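The primary structure of each chain is shown beneath.
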Amino acid sequence: MCIFCKIVNGEIPNNTVHESEHFLAFHDLHPKAPIHILIIPKQHVDCFQDVTAETMGAITEFTQEVATKVGIDKTGYRLITNNGSDGGQEVNHLHFHLLGGAKLVWDHTHEDAHRSL
Ligand code: 5GP
Ligand code: ZN
């Protein structure tokens, strides 16, 4: 069983922000912004490439609720999913990083991002 499935079933403790029947939002263990929340489907899906449009519709509403709940719906935020090895995905259970609480930097210059486009 993957680490996020263990969080869902309570084997690994987490700092829950918001929960519904199908989704869970909890604080990232190593925050990269003042607010750094992970949003996951409770049912295991490996990555974004495997998720259905139906789940994405529902997780969109859930994510908007989380942003409102933590008070960054008006100030703004960044929503990221790392997909697969080139995307830098380390935990193979679909998750979205919700980052906010400060003006976030955006690196427009990284050479790899422009390679082979
Ligand atoms: P990825 O690199 O796969 O997109 O992101 C995985 C994220 O999960 C990382 O930001 C990492 O800090 C977080 N993480 C890994 N293990 C745990 C854990 O046991 N609990 C929590 N709350 N976050 C975790
Ligand atoms: Zn899982």
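Scroll up to find the structure.
Residues numbered from 1 in each chain as written. Chains lettered and ligands numbered in written order. Predicted model: local features only at pLDDT ≥ 70, side-chain atom pairs only at ≥ 80, totals over all residues. Heavy atoms only, no water.

Caption draft 1: Inspection of the overall build of the protein at higher detail. Along the protein, the regular secondary structure elements total four helices and five strands. Taken from the N to the C terminus, the helices and strands of the protein come in the order α-β-β-β-α-β-α-β-α. Computed over C-alpha atoms, the radius of gyration of the protein comes to 15 Å, within 12% of the 13 Å expected from 2.2 N^0.38 for 117 residues, which places it in the range of a compact globule. Taken over the C-alpha atoms alone, the protein extends approximately 40 × 30 × 30 Å along its principal axes. Taken across its 117 residues, the protein has 32% of its residues classed as buried. Residue pairs at least 24 apart in sequence account for 54% of intrachain contacts in the protein once pairs closer than 6 positions are excluded. (Helix = DSSP H or I, 4+ residues; strand = E, 2+ residues; numbered from the N terminus. Rg over C-alpha atoms; globule rule 2.2 N^0.38 Å. Buried < 20%, exposed > 50% of the residue type's maximum accessible area, 1.4 Å probe, protein only. Contact = heavy atoms within 4.5 Å.)

Caption draft 2: Spotlight on the site of ligand 1. Close to ligand 1 lie 17 residues; Asp28, Asn82, Glu90, His95 and His97 are nearest. The contact in question runs from an oxygen atom of ligand 1 to an N or O atom on the side chain of Asp28, over 2.5 Å. Alone, ligand 1 offers 520 Å² of accessible surface; in the complex the protein occludes 87% of this. Ranked by residue count, the leading element in the shell around ligand 1 is helix α1 (residues 3-8), at three residues. A breakdown of the residues in the shell around ligand 1 according to their chemical character gives seven nonpolar, seven polar and three charged. (Near = heavy atom within 4 Å. Polar contact = N/O pair within 3.5 Å; in protein donor to acceptor, adjacent residues only side chain to side chain. Areas by Shrake-Rupley, 256 points an atom, 1.4 Å probe, with all protein chains shown as cover. Nonpolar A, V, L, I, M, F, W, Y, C, P; charged D, E, K, R; others polar.)

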